[in-house]
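Residue strings, one per chain:
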Amino acid sequence: MSDTIEGPAAIASAPPLGGLLDRLAARVLPKDPIVLKELRIALRTPLFVRFLYLSTALGGLVTLVAGAQTALETSPADAGRLVFHAYFCIALLATSLAAPVFGATSIALERETLTLDSLLLTRLSAARIVRGKFVAIALSLALLLVASSPIAAVAFLFGGVGPLEIALSFVAVLLASLPAIAIGMALSSRTASTRVTLLGTLLVWLPVSTLGLLGLWAIGSDLRRLGTDDGPFWFARYLPAHLDDPRVVAALLVAPLFVIGMITWFGLAISTSGLLPATHDRARPFRRWLLAASIVTPVVALLCIWPFTRTPFGDGVENLAEGMLAVTVLPAILGLVGAFALVAEPLVRPRVVQAADRRRHGIVRAFSATFGAGAAPATRFLFVAFGLSAISVTAVYAIVHAIAAGGVELDALLPPLVPLAVCTVSAAFAASLGMAVRATTQSPWLGRGALVAVTVGLVLVLPVFWALATGDDPDDWMRDPMSLGLAWPGISIVAAADAIDGTRRSLAPLVVPFVSYIGLTAILALVTERRAAKATEADRRQRARVLASAEHTSP
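Residues numbered from 1 in each chain as written. Predicted model: local features only at pLDDT ≥ 70, side-chain atom pairs only at ≥ 80, totals over all residues. Heavy atoms only, no water.

Caption draft 1: View of the overall build of the protein. Across its full length, the protein carries 22 helices and 0 strands. Residues counted as buried form 43% of the 555 residues belonging to the protein. Taking contacts inside the protein between residues at least 6 apart in sequence as the whole, the part at least 24 apart equals 76%. Approximately 28,600 Å² of the protein is accessible, and the part contributed by carbon and sulfur atoms is 70%. (Helix = DSSP H or I, 4+ residues; strand = E, 2+ residues; numbered from the N terminus. Buried < 20%, exposed > 50% of the residue type's maximum accessible area, 1.4 Å probe, protein only. Contact = heavy atoms within 4.5 Å. Areas by Shrake-Rupley, 256 points an atom, 1.4 Å probe, with all protein chains shown as cover.)

Structure representation (structure tokens):
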């Protein structure tokens, strides 16, 4: 007779600690089916297990050897700091290698094994699939860090390192890997080959992570006079000790978190678009990102610059205006990135999208038809993004300037806002040219080529050509309102910098390129609208002929 207890008695006799752990795991672990599926696949893959123990063993060996050699020559506290930096450098390099690989294989491998279609046929949306894969990869990397965390405890044996520094460094390494996952997934959703995706992701991210690590090291060495130590993870000690300084919070907390968040969101938006079928509005996730980035990014940049202008050296209002000049190009850059992606929008709106709009009512239907899928709505959406970005920057700058100066001074507001307007309008002109070329030639790549060509021409070729042709200094171009040099958007920044420094120079000549860019942009937008209307009408007639032919041949 067996002594095993079965049935309700087994449940009643279960240890309370086991039930508590089960309930805790059920609350902490995600219940998303994609997350559970990806975690089970990752944990059962021999390659992941090998990478887990090999990276842990290699990191522990290098860290222990470095600590043993240093302990013989320096104090225990210095040896502990060296072990601390050595371990987290190895951890960052390991995650910089693992995160792109996991992200690059997440979708491309599903496509190669012919399981992607069955996954898309489930009731899960493309956004949920992408989000689930992203969370699963992030949890796998967190497991990798947790498995190697006992190595970091070696630093405690030597001293010189606190628990808060260890915790902040773990969080920093994990956060730094999130953009790599998102970029790998974005490339994975757009390519059919896993090898191509792996190669492209590694070529993009490994140099970025290496340069970022070296840059952190160089910044820490430069700031040693402020109490930092010589190592790439100097911020783990410096940040908690200076949380009362807004400049430290802006530079080491707000700006990095915002950049990581926006890059990660960008990659996830591209990944979601790549999983949507061609008959749907594939650009919708990217449009959401672009709208948020166009409005929020310049504002966050301006707010991060503001604490650095409040210095005892010079006029704080003047420093704020000079810092504003660096923000004027952000709306233009983000708009051009959006135009490069949206230039592939089809002339005729997908029929599935048109059918979905017919089921909508009121403002939602009008908004989708005006700024939704299609080349003409995409052009209008870009103009809205440009306008909202410029308006948000203007409003925040006016508020910050009013707080710093104790009131609103129109003369002080005007110089930084002029280059903002000129750069934004010139970028809108480049975007409208790319969309018009795409609508005329029916080729997205020709549209992108025109967009890149006119952008490079406005930024680089035009000022060089004009300087070689006339031999004049860029500052002298402002004397002639009809000068070709005024078509260069950068001349507005030069003029604004001179005006902020007190040079008496009229900004009126900048009205000429401003109005010219607006006129050319309107003409090109009308060309896109006309081409899209003709393509839509031709598609409608073709559908009508097909339906009439089907009715005529039916019994």
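Caption draft 2: Inspection of the packing of aromatic side chains at higher detail. According to the stated counting rule, one finds 12 aromatic pairs in the structure shown. Considering the side-chain rings of phenylalanine 88 and phenylalanine 170, the 5.0 Å spacing of their centres and the 75 degrees angle between planes classify their relative orientation as edge-to-face. Taken as a pair, phenylalanine 88 in helix α5 (residues 76–112) and phenylalanine 170 in helix α9 (residues 163–190) lie far apart in primary sequence, 82 residues in all. An identical accessibility class is assigned to phenylalanine 88 and phenylalanine 170; each is buried. Among the aromatic residues, those joined into a ring-pair cluster are Phe84, Tyr87, Phe88, Phe170, Phe233, Trp234, Phe235 and Tyr238. The ring of tryptophan 445 has arginine 448 lying over it, and the distance from NZ or CZ to the ring centre is 4.7 Å. (Phe/Tyr/Trp six-rings, centres within 6.5 Å; stacked < 30°, edge-to-face > 60°. Lys NZ or Arg CZ within 6 Å of the ring centre and 35° of its normal.)

Caption draft 3: Examining the nonpolar core more closely. Of all hydrophobic cores here, the largest spans 42 residues; its most connected members are Trp289, Leu290, Leu342 and Leu382. Going through the elements one at a time, α12 (246–275), α13 (284–309), α15 (330–342), α18 (375–405), α19 (410–441), α20 (444–470) and α22 (511–553) are the ones with two or more residues in this core. The element best represented in this core is α19, accounting for 9 residues. Residue contacts for leucine 290: discarding those within four places in its chain leaves Leu334, Gly338, Leu342, Phe381 and Leu382. Counting 25 residues, the second-largest nonpolar core is a separate cluster that includes Phe84, Ala152, Leu213 and Ala236. (Core = buried A, V, L, I, M, F, W, Y, C linked by side-chain atoms within 4.5 Å.)

Caption draft 4: Structural detail: α19. With 32 residues, α19 ought to run about 46 Å at 1.5 Å a step, and its terminal C-alpha atoms sit 46 Å apart, in line with that. Its maximal kink placed at proline 416, α19 deviates by approximately 30 degrees. Glutamine 442, located one to two residues past α19, shows a positive phi value of around 65 degrees. (Expected span 1.5 Å × (residues − 1). Bend = angle between axes of the 7 residues up to and from the residue.)

Caption draft 5: Representation of the pattern of salt bridges within the structure. Under the definition given, this model contains 11 salt bridges. Measuring nitrogen to oxygen at the nearest pair gives 2.8 Å for the salt bridge that ties lysine 37 to glutamate 110. With a gap of 73 residues between them, lysine 37 in helix α3 (residues 33–43) and glutamate 110 in helix α5 connect regions that are remote in the sequence. Residue classification places glutamate 110 among the buried positions, given a relative accessible area of 8%. Taking the shortest distance from any N to any O, the salt bridge between glutamate 537 and arginine 540 comes out at 2.4 Å. Of this pair, glutamate 537 and arginine 540 both sit in helix α22, 3 residues apart, which is roughly one turn of the helix. (Salt bridge = Lys/Arg side-chain N within 4 Å of Asp/Glu carboxyl O.)

Caption draft 6: Quick look at the environment of serine 221. Within the secondary structure, serine 221 sits in helix α10 (residues 194–222). Its relative accessible area of 34% is what places serine 221 among the partly exposed residues. Each C-alpha atom, one on serine 221 and one on tryptophan 234, is 9.0 Å from the other, the two residues being 13 residues apart in sequence.

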